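# Coordinates in review
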Amino acid sequence: MPLPFFFTEPINSSDSFVVLNEENSKHIVQVLRMQAGKQIKLTDGFGNIYLAEITDANKKKCTVKIIDREFVEANKNKICIAVSPVKNNSRLEWFLEKATEIGVTEIVMLMCDRTEKQFLKKERMKGILVSALLQSQQAWLPIFTEAKKFDAFVKERKEEHKFIAHCEDEIKHSLKTIISTLQPFYNSTIVVGPEGDFTKEEITLALQNKFLPVSLGDTRLRTETAALVATTLLCIK
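Residues numbered from 1 in each chain as written. Predicted model: local features only at pLDDT ≥ 70, side-chain atom pairs only at ≥ 80, totals over all residues. Heavy atoms only, no water.

### A short note on the nonpolar core
Filter applied, for reference: We call a set of buried residues a nonpolar core when its members are Ala, Val, Leu, Ile, Met, Phe, Trp, Tyr or Cys and they connect through side-chain atoms within 4.5 Å of each other. Relative accessibility under 20% of the residue-type maximum defines a buried residue, over 50% an exposed one, and the middle range a partly exposed one, all with a 1.4 Å probe and only protein chains included. Contacts are assigned to residue pairs that have any heavy atoms within 4.5 Å of one another.
Within the largest apolar cluster, 42 residues are counted, with the highest numbers of intra-cluster contacts made by Ile 81, Phe 95, Leu 96, Ile 107, Met 109, Leu 175 and Ile 190. For Phe 95, the residues in contact, after removing those within four places along its chain, are Ile 81, Val 83, Ile 107, Glu 224, Ala 227, Leu 228 and Thr 231.

### Things to note about the sheet that holds strand β5 (residues 63-71)
Note the following rule: In this analysis, strands are considered paired if DSSP registers two or more bridges between them. What counts as a helix is a DSSP run of H or I of at least four residues, what counts as a strand is a run of E of at least two, and both are numbered from the N terminus. Throughout, an axis means a line fitted to C-alpha atoms (over the contacting stretch in the case of helices), and angles, computed between N-to-C directions, take values from 0 to 180 degrees.
One open sheet holds the five strands; their spatial order is β1-β3-β4-β5-β2, and the pairing between them is mixed. Each edge of the open sheet is held by one strand with a lone partner, namely β1 (5-7) and β2 (17-19). Adjacent strand axes in the sheet meet at a mean angle of 40°, parallel and antiparallel pairs treated alike. Running over the sheet, helix α1 (residues 22-31) touches β1, β3 (39-43) and β4 (48-56) and is turned about 160° from β1. Here helix α3 (residues 122-135) sits on the sheet in contact with β1 and β3, set at roughly 150° to β1.

### Thoughts on the packing of helix α2 (residues 89-102) against α3
We count it as follows: Definitions for this section: a left-handed crossing has its near helix turned counterclockwise from the far helix by less than a right angle. A right-handed crossing has that turn clockwise. Classification convention: Asp, Glu, Lys, Arg as charged; Ala, Val, Leu, Ile, Met, Phe, Trp, Tyr, Cys, Pro as nonpolar; all other residues, Gly among them, as polar.
Close contact between α2 and α3 brings their axes to 8 Å; oriented N to C, the two are set at 35°. As for how α2 packs across α3, the hand of that crossing is right-handed. For the pair formed by α2 and α3, the contact residues are Leu 92, Glu 93, Leu 96, Glu 97, Thr 100 and Glu 101 on the first element and Arg 124, Met 125, Ile 128, Leu 129, Ala 132, Leu 133 and Gln 135 on the second. Partitioning the contact of α2 with α3 into residue classes produces seven nonpolar, two polar and four charged.

### Structural notes on the sheet that holds strand β10 (residues 173-174)
Strands sit in the order β8-β7-β6-β11-β9-β12-β10 across an open sheet of seven strands; the sheet is parallel. Looking along the sheet, the strands with just one partner apiece sit at the ends: β8 (143-149) and β10. In terms of strand pairing, strand β6 (residues 78-83) meets strand β7 (residues 106-111) through four bridges, oriented parallel. Of the residues in β7, the one forming a bridge with Cys 80 is Glu 106. Its contacts with the sheet put α2 on β6, β7 and β8, and the angle it makes with β7 is roughly 155°. Contacts between helix α7 (residues 223-235) and the sheet are confined to β6, β9 (161-165) and β11 (187-192), with β6 contributing the most and set at about 170° to the helix.

### Examining a nonpolar patch on the surface
The cut-off we apply is this: Exposure above 30% relative accessible area and the lack of any salt bridge qualify a residue for a patch; like charges then connect within 9 Å, and the nonpolar side chains Val, Leu, Ile, Met, Phe, Trp and Tyr within 5 Å. Under the convention used here, a 1.4 Å probe and the Shrake-Rupley method define accessible areas, while residue burial counts only the protein chains that appear. Should a side-chain nitrogen of Lys or Arg be within 4 Å of a carboxyl oxygen of Asp or Glu, the pair is scored as a salt bridge.
A cluster of nonpolar side chains, contributed by Phe 46, Phe 71 and Trp 140, occupies part of the molecular surface with about 320 Å² of accessible area. Inspection of the secondary structure assignment puts Phe 71 in strand β5. Note on Phe 71: relative accessible area 45%, which makes it partly exposed.

### Regarding the environment of Lys 60
Within the secondary structure, Lys 60 is located in the loop between β4 and β5. Separated by 93 residues in the primary sequence, Lys 60 and Phe 153 have C-alpha atoms spaced 42 Å apart. Look past the residues within four positions of Lys 60 in its chain and what remains in contact with it is Leu 20, Asn 21, Glu 22 and Ser 25.

### Let's talk about unusual backbone geometry
Notably, Arg 33 is not glycine yet its phi reads approximately 55°, a positive angle. In this fold, Arg 33 is placed in the loop between α1 and β3. According to the relative accessible area criterion, Arg 33 is exposed, its value standing at 65%. One non-glycine residue with positive phi stands out, namely Gln 137, at about 55°.

### Overview of the pairing of β3
Alignment of β1 against β3, held across three bridges, turns out to be parallel. Bridge pairing in β3 places Phe 7 opposite Thr 43. Relative to β4, β3 runs antiparallel, the two sharing five bridges. Bridge assignment links Gln 39 to a residue of β4, and that residue is Glu 53.

### Some details on α2
Given 3.6 residues per turn, any residue in an α-helix points the same way as the ones three and four places further on. The cut-off we apply is this: Given a helix with a known number of residues, its expected span is that number minus one, times 1.5 Å.
Its 14 residues place the ends of α2 20 Å apart at the C-alpha level, agreeing with the 20 Å of an ideal helix rising 1.5 Å per residue. Within α2 the residues assigned to the buried category are Arg 91, Leu 92, Glu 93, Phe 95, Leu 96, Ala 99 and Thr 100. Taken together, the buried residues of α2 touch β6, β7, α3, β8 and α7. One or two positions beyond α2, positive phi appears at Gly 103, with a value near 110°.

Next up, the structure:
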């Protein structure tokens, strides 16, 4: 049976003993009823996985001894998905969870002219990412940006492959077909607009900054569905 897996702040290489936060301590001691001598795994979301043994099963300040350290290399494909947040929190959180499980590198909440939801609970969003990271047994937490203006974002991205998924009746390329032609290791960014789509001005700005217009299929998708389809296509080549 796999060892219980927990998220922790970065651990110094010189530290042999670590005191876990109250949330982790309570779950380990009260929920799982683990005692001294039992082992758990920890990750800091930066590629490090630690094998640890409980030395003090305190429900508020559980202390563990680090007995092994492993570094997991990051995915060589760096995938950024920038999506306008939707009004329905549960739909947005569903996307964050699934994109993390799939292995996206970076998630940006994109503020567009037609974005209706402007305020996000950053700590809750991060909690969703952490839970998905642990559930999928990964070592790298996606970089998360809670709010980025569209115009600033498209001007600053330097990836080799940049895409925009919009709903305008213009010539677009199949993202699935494009990906099949790419080399094994590549960096890419894709932007997905709000529920009312990008404005014509935003699309023009993206094209001026070398974003390629792409299609995600033959049907019109909800924002969070389109974002997940794009994430899946890019991450699972």
